[in-house]
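Tertiary structure, described
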Amino acid sequence: MEILFATSNKHKFEEAKSFFGNARPALKLTHQPFDYSEIRSDNVEEIAKDAAAAAYKQFKKPLFVEDSGLFINSLNDFPGTFSAWTMKKIGNIGILRLMSDSTDRTAKFVSCIAYHDGKKISTFIGTCEGSIAIKISGVDGFGYDPIFIPQGEQKTFAQSIQLKNKLSHRYKVLLKFCEYLHD
Ligand code: IMP
(Lines give C-alpha, C1' and ligand atoms only; values in the text may rest on other atoms or scores of the structure.)
Protein backbone atom coordinates (compact mmCIF):
# COMPACT_ATOMS: atom_id res chain seq x y z
CA MET A 1 0.00 0.00 0.00
CA GLU A 2 1.27 3.48 -0.86
CA ILE A 3 0.21 6.69 0.89
CA LEU A 4 1.41 10.20 0.20
CA PHE A 5 2.21 12.53 3.06
CA ALA A 6 1.44 15.98 1.62
CA THR A 7 3.51 18.51 3.55
CA SER A 8 6.04 21.27 3.04
CA ASN A 9 7.70 20.39 6.36
CA LYS A 10 10.53 17.88 5.88
CA HIS A 11 10.89 17.34 9.64
CA LYS A 12 7.29 16.15 9.91
CA PHE A 13 7.86 13.79 7.00
CA GLU A 14 11.05 12.37 8.55
CA GLU A 15 9.25 11.71 11.84
CA ALA A 16 6.40 9.94 10.02
CA LYS A 17 8.82 7.96 7.85
CA SER A 18 10.73 6.71 10.86
CA PHE A 19 7.47 5.86 12.67
CA PHE A 20 6.05 3.80 9.79
CA GLY A 21 9.45 2.21 9.16
CA ASN A 22 9.14 0.60 12.61
CA ALA A 23 5.37 0.20 12.97
CA ARG A 24 4.33 -0.71 9.42
CA PRO A 25 7.34 -1.50 7.19
CA ALA A 26 5.11 -2.79 4.35
CA LEU A 27 3.54 0.64 3.90
CA LYS A 28 5.22 2.83 1.30
CA LEU A 29 5.19 6.40 2.58
CA THR A 30 6.04 8.99 -0.06
CA HIS A 31 6.77 12.65 0.54
CA GLN A 32 4.53 14.86 -1.58
CA PRO A 33 5.71 18.48 -1.33
CA PHE A 34 2.57 20.55 -0.79
CA ASP A 35 2.43 24.31 -0.34
CA TYR A 36 -0.94 25.89 0.09
CA SER A 37 -2.44 28.81 2.01
CA GLU A 38 -4.16 27.23 4.96
CA ILE A 39 -7.54 28.54 6.10
CA ARG A 40 -7.73 30.65 9.26
CA SER A 41 -9.22 28.76 12.17
CA ASP A 42 -8.47 28.07 15.85
CA ASN A 43 -9.09 24.40 15.22
CA VAL A 44 -6.38 22.06 13.89
CA GLU A 45 -9.00 19.56 12.69
CA GLU A 46 -10.80 22.13 10.55
CA ILE A 47 -7.51 23.23 8.99
CA ALA A 48 -6.32 19.67 8.36
CA LYS A 49 -9.63 18.64 6.71
CA ASP A 50 -9.52 21.60 4.37
CA ALA A 51 -5.88 20.89 3.51
CA ALA A 52 -6.61 17.20 2.82
CA ALA A 53 -9.43 18.13 0.44
CA ALA A 54 -7.18 20.63 -1.37
CA ALA A 55 -4.28 18.16 -1.60
CA TYR A 56 -6.51 15.35 -2.93
CA LYS A 57 -7.91 17.67 -5.57
CA GLN A 58 -4.36 18.35 -6.71
CA PHE A 59 -2.71 14.90 -6.48
CA LYS A 60 -5.68 12.50 -6.78
CA LYS A 61 -4.05 9.72 -4.73
CA PRO A 62 -4.69 8.46 -1.18
CA LEU A 63 -2.90 10.91 1.07
CA PHE A 64 -2.77 12.53 4.45
CA VAL A 65 -1.84 15.94 5.77
CA GLU A 66 -0.99 16.97 9.33
CA ASP A 67 -1.70 20.24 11.07
CA SER A 68 -0.25 20.96 14.48
CA GLY A 69 0.20 23.74 16.96
CA LEU A 70 1.50 24.69 20.38
CA PHE A 71 -1.14 25.94 22.85
CA ILE A 72 0.23 27.87 25.85
CA ASN A 73 -2.18 28.32 28.78
CA SER A 74 -0.89 31.61 30.19
CA LEU A 75 -1.01 33.13 26.66
CA ASN A 76 -4.66 32.11 26.15
CA ASP A 77 -3.59 29.27 23.85
CA PHE A 78 -1.31 31.43 21.68
CA PRO A 79 0.33 30.60 19.25
CA GLY A 80 -2.11 27.71 18.65
CA THR A 81 -2.82 27.15 14.97
CA PHE A 82 -0.61 30.16 14.16
CA SER A 83 2.48 28.33 15.38
CA ALA A 84 4.32 28.24 12.06
CA TRP A 85 3.76 31.97 11.48
CA THR A 86 4.76 32.83 15.09
CA MET A 87 7.92 30.74 14.80
CA LYS A 88 8.89 32.73 11.70
CA LYS A 89 8.09 36.09 13.30
CA ILE A 90 9.35 35.84 16.90
CA GLY A 91 10.77 32.32 17.33
CA ASN A 92 11.50 30.61 20.63
CA ILE A 93 13.22 33.70 22.05
CA GLY A 94 10.07 35.75 21.45
CA ILE A 95 7.88 33.15 23.18
CA LEU A 96 10.19 33.10 26.21
CA ARG A 97 10.06 36.92 26.36
CA LEU A 98 6.26 36.91 26.22
CA MET A 99 6.31 34.47 29.14
CA SER A 100 8.94 36.19 31.25
CA ASP A 101 6.37 36.95 34.00
CA SER A 102 4.37 33.73 33.67
CA THR A 103 4.37 31.35 36.61
CA ASP A 104 1.95 29.02 34.83
CA ARG A 105 4.16 27.48 32.13
CA THR A 106 1.83 24.65 31.12
CA ALA A 107 1.28 24.06 27.41
CA LYS A 108 0.33 21.35 24.98
CA PHE A 109 1.10 20.32 21.44
CA VAL A 110 -1.90 19.19 19.39
CA SER A 111 -1.65 17.43 16.06
CA CYS A 112 -4.37 16.41 13.62
CA ILE A 113 -3.95 14.03 10.70
CA ALA A 114 -6.58 14.20 7.97
CA TYR A 115 -6.53 11.17 5.66
CA HIS A 116 -8.24 11.25 2.27
CA ASP A 117 -8.70 7.71 0.97
CA GLY A 118 -10.25 8.80 -2.34
CA LYS A 119 -13.82 8.70 -1.00
CA LYS A 120 -13.84 10.34 2.39
CA ILE A 121 -11.71 12.22 4.89
CA SER A 122 -10.98 10.68 8.32
CA THR A 123 -9.30 12.63 11.10
CA PHE A 124 -7.13 11.64 14.08
CA ILE A 125 -5.91 13.77 16.99
CA GLY A 126 -2.76 13.43 19.12
CA THR A 127 -1.98 15.60 22.16
CA CYS A 128 1.15 15.99 24.27
CA GLU A 129 0.87 17.87 27.57
CA GLY A 130 3.92 19.60 29.00
CA SER A 131 5.43 22.95 29.88
CA ILE A 132 7.52 25.75 28.44
CA ALA A 133 11.10 25.76 29.71
CA ILE A 134 12.75 28.86 31.19
CA LYS A 135 15.46 28.79 28.53
CA ILE A 136 16.26 27.28 25.15
CA SER A 137 17.98 23.87 25.44
CA GLY A 138 18.98 21.20 22.97
CA VAL A 139 19.74 21.05 19.27
CA ASP A 140 17.62 18.20 17.91
CA GLY A 141 14.12 18.28 16.44
CA PHE A 142 12.61 21.48 15.05
CA GLY A 143 10.31 24.41 15.82
CA TYR A 144 9.44 24.68 19.51
CA ASP A 145 11.29 21.48 20.52
CA PRO A 146 14.07 23.46 22.32
CA ILE A 147 11.54 25.04 24.74
CA PHE A 148 8.98 22.23 25.21
CA ILE A 149 9.32 19.81 28.15
CA PRO A 150 6.83 16.91 28.12
CA GLN A 151 4.87 16.32 31.35
CA GLY A 152 6.80 14.41 34.03
CA GLU A 153 10.19 14.91 32.32
CA GLN A 154 13.12 17.29 32.84
CA LYS A 155 14.48 17.60 29.31
CA THR A 156 13.17 19.44 26.27
CA PHE A 157 12.29 17.46 23.14
CA ALA A 158 15.37 19.01 21.51
CA GLN A 159 17.57 17.56 24.27
CA SER A 160 16.12 14.07 23.90
CA ILE A 161 14.75 12.97 20.59
CA GLN A 162 14.15 9.51 22.12
CA LEU A 163 11.69 11.19 24.49
CA LYS A 164 10.03 12.97 21.59
CA ASN A 165 9.72 9.75 19.59
CA LYS A 166 7.73 8.04 22.33
CA LEU A 167 5.72 10.90 23.86
CA SER A 168 5.04 13.48 21.19
CA HIS A 169 1.71 14.59 19.73
CA ARG A 170 2.96 13.36 16.33
CA TYR A 171 3.86 9.91 17.67
CA LYS A 172 0.40 9.65 19.27
CA VAL A 173 -1.50 10.76 16.20
CA LEU A 174 0.54 8.47 13.93
CA LEU A 175 -0.22 5.55 16.26
CA LYS A 176 -3.97 6.18 15.95
CA PHE A 177 -3.71 6.55 12.19
CA CYS A 178 -1.65 3.39 11.88
CA GLU A 179 -4.22 1.40 13.91
CA TYR A 180 -6.95 2.70 11.61
CA LEU A 181 -5.02 1.59 8.51
CA HIS A 182 -4.77 -1.92 9.95
CA ASP A 183 -8.58 -2.34 10.16
P1 IMP B 1 1.80 23.59 10.66
O2 IMP B 1 1.28 22.32 11.24
O3 IMP B 1 2.49 23.36 9.37
O4 IMP B 1 0.77 24.68 10.64
O5 IMP B 1 2.98 24.10 11.57
C6 IMP B 1 2.93 24.06 12.92
C7 IMP B 1 4.17 24.69 13.50
O8 IMP B 1 4.18 24.29 14.87
C9 IMP B 1 5.49 24.19 12.92
O10 IMP B 1 5.99 24.98 11.89
C11 IMP B 1 6.42 24.26 14.14
O12 IMP B 1 6.92 25.57 14.32
C13 IMP B 1 5.46 23.92 15.26
N14 IMP B 1 5.48 22.48 15.52
C15 IMP B 1 4.64 21.53 15.03
N16 IMP B 1 5.00 20.32 15.46
C17 IMP B 1 6.10 20.53 16.19
C18 IMP B 1 6.97 19.64 16.86
O19 IMP B 1 6.84 18.41 16.84
N20 IMP B 1 7.98 20.20 17.53
C21 IMP B 1 8.19 21.55 17.58
N22 IMP B 1 7.44 22.42 16.94
C23 IMP B 1 6.40 21.90 16.24
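Now for a look at the structure at hand. (Residues numbered from 1 in each chain as written. Predicted model: local features only at pLDDT ≥ 70, side-chain atom pairs only at ≥ 80, totals over all residues. Heavy atoms only, no water.)

**Remarks on unusual backbone geometry**
Backbone geometry follows two general trends: most residues other than glycine have a negative phi, and most peptide bonds adopt the trans configuration. What counts here: Under the DSSP-based scheme used, a helix requires at least four consecutive residues in state H or I and a strand at least two consecutive residues in state E, with every element numbered from the N terminus.
That bond from Phe78 to Pro79 is cis: its omega, 0°, falls within 30 degrees of zero. Within the secondary structure layout, Pro79 lies in strand β4 (residues 79–80). For Lys60, which is not glycine, the phi torsion reads 50° and is therefore positive. Looking at where Lys60 falls in the secondary structure, it is placed in the loop between α2 (44–59) and β3 (63–72).

**Describing the packing of helix α1 (residues 10–23) against helix α6 (residues 169–182)**
Rule in force here: Note on definitions: angles span 0 to 180 degrees between N-to-C directions of axes, and those axes are lines fitted to C-alpha atoms, for helices only across the stretch in contact. Angles are sorted into four bins: roughly parallel if under 35 degrees, roughly antiparallel if over 145, roughly perpendicular if 65 to 115, and oblique for all others. Two helices that cross are described as forming a left-handed crossing if the nearer one is turned anticlockwise from the farther one by less than a right angle, and a right-handed crossing if clockwise. Contact between two residues is taken to exist if any of their heavy atoms lie within 4.5 Å; hydrogens are not considered. Think of it as three bins: nonpolar holds Ala, Val, Leu, Ile, Met, Phe, Trp, Tyr, Cys and Pro, charged holds Asp, Glu, Lys and Arg, and polar takes everything else, Gly as well.
Here α1 crosses α6 at 50°, and the two axes come no closer than 11 Å. The angle between α1 and α6 falls in the class oblique. In the packing of α1 onto α6, the handedness of the crossing is right-handed. Each of Lys12, Glu15, Ala16, Phe19, Phe20 and Ala23 in α1 lies in contact with α6, whose residues at this interface are Arg170, Tyr171, Leu174, Leu175, Phe177, Cys178 and Leu181. By residue class, the composition of the contact of α1 with α6 is 10 nonpolar, no polar and 3 charged.

**Examining the nonpolar core**
Put simply, the rule reads: Each nonpolar core is a collection of buried residues, namely Ala, Val, Leu, Ile, Met, Phe, Trp, Tyr and Cys, held together in the definition by side-chain atoms within 4.5 Å. To sort residues, take the accessible area from a 1.4 Å probe on protein chains only and compare it with the maximum for the residue type: under 20% means buried, over 50% means exposed, and anything in between is partly exposed.
Ranked by size, the top nonpolar core spans 17 residues in total, and within it Phe20, Leu29, Phe64 and Phe177 carry the most contacts. With 5 residues, the single largest contributor to this core is α6. The residues touching Phe20, leaving out its near neighbours within four places in the chain, are Pro25, Leu27, Leu29, Phe64, Leu174, Phe177, Cys178 and Leu181. Of all hydrophobic cores here, the second largest spans 15 residues; its members include Leu4, Ala6, Val65 and Ala114.

**Some points on the site of the ligand**
Rule in force here: Only a single heavy atom is needed: when it lies within 4 Å of a molecule or strand, its residue is near that molecule or strand. What qualifies as a polar contact is a pair of N or O atoms within 3.5 Å, subject to a donor-acceptor requirement within protein and to the restriction that residues adjacent in sequence count only when both atoms come from side chains. The protein chains shown are the only cover counted for residues, whose accessible areas, like all others here, come from Shrake-Rupley with a 1.4 Å probe.
If you check the shell around the ligand, you find 15 residues, and the closest are Lys12, Ser68, Asp145, Lys164 and Arg170. At 3.2 Å, a side-chain N or O of Asp67 approaches an oxygen atom of the ligand. The contact in question runs from an oxygen atom of the ligand to an N or O atom on the backbone of Ser68, over 2.9 Å. Computed on the free molecule, the ligand has an accessible area of 490 Å², of which 90% lies beneath the protein chains in the complex. Residue assignment for the shell around the ligand shows that the elements contributing at least two residues are β3, α3 (83–89) and α6. In terms of residues, the shell around the ligand owes the most to one element, α3, which gives 3 residues. Partitioned by chemical class, the residues of the shell around the ligand number 5 nonpolar, 4 polar and 6 charged.

**Observations concerning the side chain of Glu15**
Structurally, Glu15 can be placed in helix α1. The buried category is assigned to Glu15, whose relative accessible area is 17%. One polar contact links Glu15 to Arg170, side chain to side chain, over a distance of 2.8 Å. Setting aside its immediate chain neighbours within four residues, Glu15 contacts Phe142, Lys164, Arg170 and Leu174.

Function cannot be inferred from these measures alone, as they are strictly geometric.
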